[in-house]
Amino acid sequence: MENRPLLEKKYLLIDLDGTLTDTADIALKPMKDGQVQTDVSQIQVFQGATEFLAEAKNLGFECIIVSDSHPRYVDPIVREHFSEYCTAVLSLADKPNTLKTLNFLQEQNIDISSSTCYVIGDSWLDIELGRGLQVPTVLTAFYEARNLEIRDGIGDYVKNTKSGSTYFAQNYSSLLDILKNPLQNLLCLEAKFMGTVSCIARKPRPDDVPQGRLTAHRILARQSQGECDKYHATAKYFEFGQVARTQELLFLIRDAVMTYLELVLETQSYLWDIFTYVPDKQTTQPANKMGELFDLIVNQIRQSRPALSCISVFEWNNGVDSSTRKQSTAEDRRRFIDNNINLLDGLDLKGKSIIILDDQYTTGATADTLLEKLRAKGAKNILFIALFQLINSVDSNRDCPKCLANGLNKLLQLKINRETGVKFYSCVPPKAQGDGCGYSDSGVLCPKCSQEGMNKYMKERTNSQTGNKFYSCPKPPYGDGCGYTENIE
Ligand SMILES: [Zn+2]
Ligand SMILES: [Zn+2]
């Protein structure tokens, strides 16, 4: 019997332009596209890039460069600067092509599902690639503010943050810290759900300080659509919205918000007067959804910050029966909030700095509208904190088998059942705003069919008598499987 522990494999899939090299200049485009010979002397390596790769290698990471530039450009640069630290190079012109990347890794005998792997890059393409591979991602922002090539969305801050990276790094030392302490570098609420503490929040847009008055938006966790790494808090987001949610969950969220608030209140650059929240409508289920959490937080913060005024500031009009979530565009949401939420009478907000807590963040339309109302009453600095940000949807790399049989290529999307929190793959039908056929499966392969060398994905079913859930590989006429079933948990 061999008792030696297997060495854990660790990989970095790292982007080249903008992440290792300072090459956003539009003049370099013909080289990147392989139209002209690459002159390596024109390529500026970021200060600290090679040292970072050397350190990552020391930490046991194998580094693979994944670039969407042409091999005639990528190969000589890697040879000149990074060959000592890189084991492979993938030119992926159609980044984020997850399937092509997986095939490439397989050729290299790399199994990322059983190893530690990160995708690192400076654009949403890198992040979508990582999410498609279901591994953690780091969005880098090493450029100083200046005119950049727009290809790849470099510099498109909002699009890049909406892509929903696990981490954000502005320099190589924070990148290394993420590799060394992955849990402690998660967003505050995600870290709490993983049993650790972080006071990191994400900025869904840059802070704004017109006339010396700060407007800041902060996010404490990601709510994902489609494929993602294992740290996203989507299941917790749905649990928070359930009538049967537990006190334990509320305590976890309370503690994470407290950690972040304490950091904000300790920072002396802004002094905060009021802590409030976006209230629940009368019709919201669970009743008092945000109010209950707010009260839990206030019970604690009153002890450490007696000077902070923790009060209700907003109220809904009576009889509002729609919800913000049902408004499909940002403009609809803005108008809905503007028409239906009011400031309470008799508040003196002149010159006051206010922290607002809300549960969900999509485009920031709710925050913008509430901010306008507060500013109209003379409020000064405003910090809007949302628990969960809805990040972009990322397709799986699986074709819908039913559509494929009809000669159509439709990618399945990973979805989560709102009630049960269970994941499933769907060829999203029109009634759910998709253009697919409605096929769905659990994404779990039938073990019996696998033994026969066939890939069959099982369906999730519920026993109508006992309510127990099980996986099924349905036999004809219900499917083309073997009839195997397996209880869930
Ligand atoms: Zn389909
Ligand atoms: Zn089967």
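Residues numbered from 1 in each chain as written. Chains lettered and ligands numbered in written order. Predicted model: local features only at pLDDT ≥ 70, side-chain atom pairs only at ≥ 80, totals over all residues. Heavy atoms only, no water.

Asker: Would you take a moment to explain the sheet that holds strand 3 (residues 86–91) for this structure?
Answerer: Strands belonging to one sheet form pairs held by backbone hydrogen bonds; the direction of such a pair is parallel or antiparallel. A sheet is described by the order of its strands in space; here six strands give the open sequence 3-2-1-4-5-6, paired in parallel fashion. Only two strands of the sheet have a single partner each, and these edge strands are strand 3 and strand 6 (167–169). Each strand of the sheet is rotated relative to its neighbour by a mean of 20°, with strand direction disregarded. Sitting on the sheet, helix 4 (residues 98–107) touches strand 1 (10–14), strand 2 (61–67) and strand 3, and the angle it makes with strand 3 is about 145°. (Pairing = 2+ DSSP bridges. Helix = DSSP H or I, 4+ residues; strand = E, 2+ residues; numbered from the N terminus. Axes fitted to C-alpha atoms, helices over the stretch in contact; angles between N-to-C directions. Contact = heavy atoms within 4.5 Å.)

Asker: Looking at this structure, I do not really get the nonpolar core. What am I missing?
Answerer: One broad rule of soluble globular proteins: the nonpolar side chains tend to lie buried together. Ranked by internal contacts, the top residues of the largest apolar core, which has 40 residues, are Leu 189, Ile 253, Phe 275, Ile 355, Leu 357 and Leu 387. One finds Phe 82, Val 138, Ala 169 and Leu 175 within the second-largest nonpolar core, a separate group that totals 39 residues. (Core = buried A, V, L, I, M, F, W, Y, C linked by side-chain atoms within 4.5 Å. Buried < 20%, exposed > 50% of the residue type's maximum accessible area, 1.4 Å probe, protein only.)

Asker: Would you mind showing me how to read the environment of Asp 345 here?
Answerer: Examined against the element boundaries, Asp 345 turns out to sit in the loop between strand 12 (341–343) and strand 13 (354–361). The spatial distance from the C-alpha of Asp 345 to the C-alpha of Phe 314 is 9.4 Å, given a sequence separation of 31 residues.

Asker: Got a minute to help me understand the packing of aromatic side chains in this structure?
Answerer: Describing an aromatic ring pair means giving the distance of the ring centres and the angle of the ring planes. A complete count under the given rule lists 12 aromatic pairs for this structure. Measuring from ring centre to ring centre gives 4.4 Å for Tyr 277 and Phe 294, while their planes differ by 25°; the resulting arrangement is stacked. Of this pair, Tyr 277 sits in strand 9 (residues 274–277) while Phe 294 sits in helix 11 (residues 289–304), and the two are 17 residues apart along the sequence. Each ring, one from Trp 316 and one from Phe 336, has its centre 5.8 Å from the other, and the planes form 50°; the classification is tilted. Of this pair, Trp 316 sits in strand 11 (residues 314–316) while Phe 336 sits in helix 12 (residues 330–340), and the two are 20 residues apart along the sequence. Here a set of aromatic residues connected by ring pairs shows up, and it is made of Phe 46, Phe 52, Phe 142 and Tyr 172. Sitting over the ring of Phe 240, Arg 245 keeps its end group 4.8 Å from the ring centre. (Phe/Tyr/Trp six-rings, centres within 6.5 Å; stacked < 30°, edge-to-face > 60°. Lys NZ or Arg CZ within 6 Å of the ring centre and 35° of its normal.)

Asker: Teacher, can you tell me more about helix 4 here?
Answerer: Turn by turn, an α-helix covers 3.6 residues, leaving residues three or four places apart pointing in a common direction. For helix 4, the complete set of buried residues consists of Thr 98, Thr 101, Phe 104 and Leu 105. The buried residues of helix 4 occupy an angular sector of 125° when the element is viewed end-on, so they sit on one face. Among the exposed residues of helix 4, those pointing more than 90 degrees away from its buried face are Gln 106 and Glu 107. In this fold, the buried residues of helix 4 make contact with strand 1, strand 2, strand 3 and helix 5 (124–132). Taking the backbone nitrogen of Leu 99 as reference, a side-chain oxygen 3.3 Å away marks Asn 97 as the first, capping residue of helix 4. (Arc of directions from axis to C-beta. Polar contact = N/O pair within 3.5 Å; in protein donor to acceptor, adjacent residues only side chain to side chain.)

Asker: Mind showing me how you'd approach the pairing of strand 7 (residues 215–219) here?
Answerer: Looking along a regular strand, one sees the side chains alternate between the two faces of the sheet. The buried count for strand 7 comes to five of five residues, which makes it a mostly enclosed element. Pairing of strand 7 with strand 14 (residues 382–394), which is carried by five bridges, proceeds in the parallel orientation. Paired with Thr 215 across the two strands is Ile 382, which belongs to strand 14.

Asker: I tried to follow the domain arrangement of the protein on my own but got confused; where do I start?
Answerer: Quite often, the size of an interface is put as the accessible area lost when its parts meet. As far as domains go, the protein holds domain 1 (10–182), domain 2 (210–392), domain 3 (398–441) and domain 4 (446–489). Distance between the C-alpha centres of domain 2 and domain 3: 33 Å. Three residues stand out in domain 2 for area buried against domain 3, namely Gly 226, Glu 227 and Phe 238, and they jointly supply 54% of the buried area on that side. Connecting domain 2 to domain 3 are zero salt bridges. Applying the counting rule to domain 2 against domain 3 returns two residue pairs in polar contact (both at pLDDT 80 or more). At the level of elements, strand 8 (222–226) and helix 9 (234–240) are the ones that each hand at least two residues to the side of domain 2 that touches domain 3. Partitioned by chemical class, the residues of the side of domain 2 that touches domain 3 number one nonpolar, five polar and two charged. (Domains from an automatic or database assignment. Buried area = accessible area lost by both parts, 1.4 Å probe. Salt bridge = Lys/Arg side-chain N within 4 Å of Asp/Glu carboxyl O. Nonpolar A, V, L, I, M, F, W, Y, C, P; charged D, E, K, R; others polar.)

Asker: What exactly am I supposed to notice about the sheet that holds strand 19 (residues 469–472) here?
Answerer: Read across the open sheet, the three strands follow the order 18-19-20; overall the sheet is antiparallel. At either margin of the open sheet sits one strand with a lone partner, and together these are strand 18 (459–462) and strand 20 (485–487). Mean inter-strand twist for the sheet, computed between neighbouring axes without regard to direction, equals 30°. Both strand 19 and strand 20 contribute to a ladder of three bridges, which runs antiparallel. Bridging across to strand 20, Phe 470 finds its partner in Asn 487.

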